[in-house]
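Residue-level structural notes
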Amino acid sequence: MKIAIHGRNFPESARPYIQSMFEELSRRQADVLISLGYREYLDTMGVAHYSQATYTVEEGVSDADFIFSLGGDGTLLDAVTHVGAHQIPIIGINIGRLGFLATVAPASVRLMIDAIFNNQYTIDERSLVSVRSSQDIFGNLPFGLNDFTITRTQTSSMITVHSYLDGEFLNSYWADGLIISTPSGSTGYSLSCGGPVLLPQTESFIITPISPHNLNVRPMIVMDSCQLAFEVESRSGNFLAALDSRSFTVDTSVRISVQKETFKARLVKLSDDNFLNTLRSKLNWGWDIRN
């Protein structure tokens, strides 16, 4: 079995679990491929990884059986761009804080490895958002798992986002910005701006305004089979366009369209991985200090 591994910095308390993961993969004679930057970090932390095979972020991963993401949800979003249209299954090991996407606890890593070697898992396919524009904003990675956002720059006043749904005029949002969220991203930025929570398999996008000037403007759910288009007005002549964690300053002359990507992200789910349990746990639903 060939395993690609990507991660970010981790606290000292996580090092024994990460070392244990590499030891278990070595014991099972797995072929391990590590992202170059992460391997260099492992070397500085004194973690024995038993592999000299690396890949760069620019190269990505095309032929692994799985990719392990060690960190939080942000690290897993990186891993999605590393595999892209190859749709290699991704396993999120939660060394971060929240973990709506990265759900495997560090202490459960050996059990997780045993589960994938024994085919005791399922695949959760997640839709992606695809962004096209009159200017090449996101290069060869114009897709994201969570959301696409249009926001004002730090020095500008609010912007106006003229929005179209399948060619029909929808609304002109006078706001700090606009979020186009997938179901996976519904528990992220969109939620903090008043958007609803969607179950992961819901075939929809959420259009969520950020601090709208008109208080009667509310988040809207649309089918993900539609195409959205945007034109932006800004006194500064530019705005910020962000796709998951990648953001760029864009001129207001640029026209943008958004639709569902043709391929999906494939997340590995173990037997105890349940979205509703995660939702209750992370959002403290039903929690009361009196109990």
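So, how was this worked out
Residues numbered from 1 in each chain as written. Predicted model: local features only at pLDDT ≥ 70, side-chain atom pairs only at ≥ 80, totals over all residues. Heavy atoms only, no water. Pairing = 2+ DSSP bridges. Helix = DSSP H or I, 4+ residues; strand = E, 2+ residues; numbered from the N terminus. Axes fitted to C-alpha atoms, helices over the stretch in contact; angles between N-to-C directions. 1 Å grid on protein atoms, 1.4 Å probe; cavity = no way out; pocket = protein on both sides within 12 Å on 5 of 7 lines; lining within 4 Å. Points joined across faces, edges and corners; volume = space filled by probe spheres on them. Nonpolar A, V, L, I, M, F, W, Y, C, P; charged D, E, K, R; others polar. Domains from an automatic or database assignment. Buried < 20%, exposed > 50% of the residue type's maximum accessible area, 1.4 Å probe, protein only. Arc of directions from axis to C-beta. Polar contact = N/O pair within 3.5 Å; in protein donor to acceptor, adjacent residues only side chain to side chain. UniProt positions renumbered as here; feature names shortened; annotations may be inferred.

1. Thoughts on the sheet that holds strand E17 (residues 246-251)
The strand order across the open sheet formed by 6 strands is E14-E13-E12-E9-E16-E17, and the pairing between neighbours is antiparallel. With partners counted over all chains shown, the strands left at the sheet margins are strand E14 (220-223) and E17, one partner each. Direction aside, the axes of adjacent strands within the sheet are offset by 20 degrees on average.

2. A word on empty space enclosed by the protein
Within the structure shown, the criterion is met by 4 cavities of 30 Å³ or more. For the largest cavity, the calculated volume is near 130 Å³. Phe 100, Thr 103, Arg 126, Lys 269 and Asp 273 are, among the 14 residues lining the largest cavity, the residues nearest its centre. At the level of secondary structure, the elements contributing two or more residues to the lining of the largest cavity comprise strand E6 (122-126), strand E19 (265-269) and helix H6 (275-283). When residues in the lining of the largest cavity are grouped by element, the largest group, 3 residues, is from E19. Taken together, the residues that form the lining of the largest cavity break down as 6 nonpolar, 4 polar and 4 charged. Roughly 40 Å³ of volume is contained in the second largest cavity. Considering only residue class, the lining of the second largest cavity consists of 5 nonpolar, 2 polar and 1 charged. Two domains share the lining of the second largest cavity, each providing at least three of its residues, namely domain 1 (2-121 + 270-283) and domain 2 (129-262).

3. Describing the layout of surface pockets
Think of a ball as big as a water molecule: rolled over the atoms, this probe shows where empty space is left. The computed volume of the largest pocket comes to approximately 490 Å³. Taken together, 26 residues form the lining of the largest pocket, with Asp 73, Gly 74, Leu 77, Asn 146 and Gly 188 sitting closest to its centre. Broken down by secondary-structure element, the contributors of at least two residues to the lining of the largest pocket are helix H3 (73-83), strand E9 (147-151), strand E16 (238-243) and E17. When its residues are assigned to classes, the lining of the largest pocket shows 8 nonpolar, 13 polar and 5 charged. If you count residues domain by domain, the lining of the largest pocket takes at least three from each of domain 1 (2-121 + 270-283) and domain 2 (129-262).

4. Details of the sheet that holds strand E11 (residues 168-175)
Note on sheets: strands pair through backbone hydrogen bonds, and any given pair is parallel or antiparallel. Strand order across the open sheet formed by 6 strands is E8-E7-E18-E15-E10-E11, with antiparallel pairing between neighbours. Of all strands in the sheet, those bounded by a partner on one side alone are strand E8 (143-144) and E11. Bridge analysis of strand E7 (residues 129-133) against strand E18 (residues 256-260) gives 5 bridges, and the strand direction is antiparallel. Bridge pairing links Val 129 to Lys 260 in E18.

5. Points about H6
Looking only at H6, the buried set comprises Phe 275, Thr 278 and Leu 279. Looking straight down H6, one finds its buried side chains confined to an arc of 100 degrees; they lie on one side. Structurally, the start of H6 carries an N-cap: the backbone nitrogen of Leu 276 is 2.9 Å from a side-chain oxygen of Asn 274. Note on H6: the residue one or two positions beyond its end, Asn 284, has a positive phi of about 55 degrees.

6. Here's the deal with the UniProt feature "binding site: NAD(+)" (unreviewed entry) in the chain
Under the UniProt annotation, the feature "binding site: NAD(+)" (unreviewed entry) is placed at Asp 73, Gly 74, Asn 146, Asp 147, Asp 176, Thr 187, Gly 188, Tyr 189, Ser 190, Leu 191 and Ser 192. An extended arrangement is adopted by the annotated residues: their sequence extent is 120 residues, and the largest C-alpha distance between any two is 24.8 Å. Taking the annotated residues in turn, Thr 187 line the second largest cavity. Mapped onto the secondary structure, Gly 188 falls in the loop between strand E12 (177-181) and helix H5 (189-192). Taking relative accessible area as the criterion, Gly 188 reaches 29% and is therefore assigned partly exposed.

7. Comments concerning the pairing of E17
Pairing of E16 with E17 involves 6 bridges; the strand directions are antiparallel. Bridge pairing in E17 places Ala 242 opposite Ser 247. Hairpin connection of E16 to E17: 2 residues between the antiparallel strands, including Asp 244 at a positive phi of 55 degrees.

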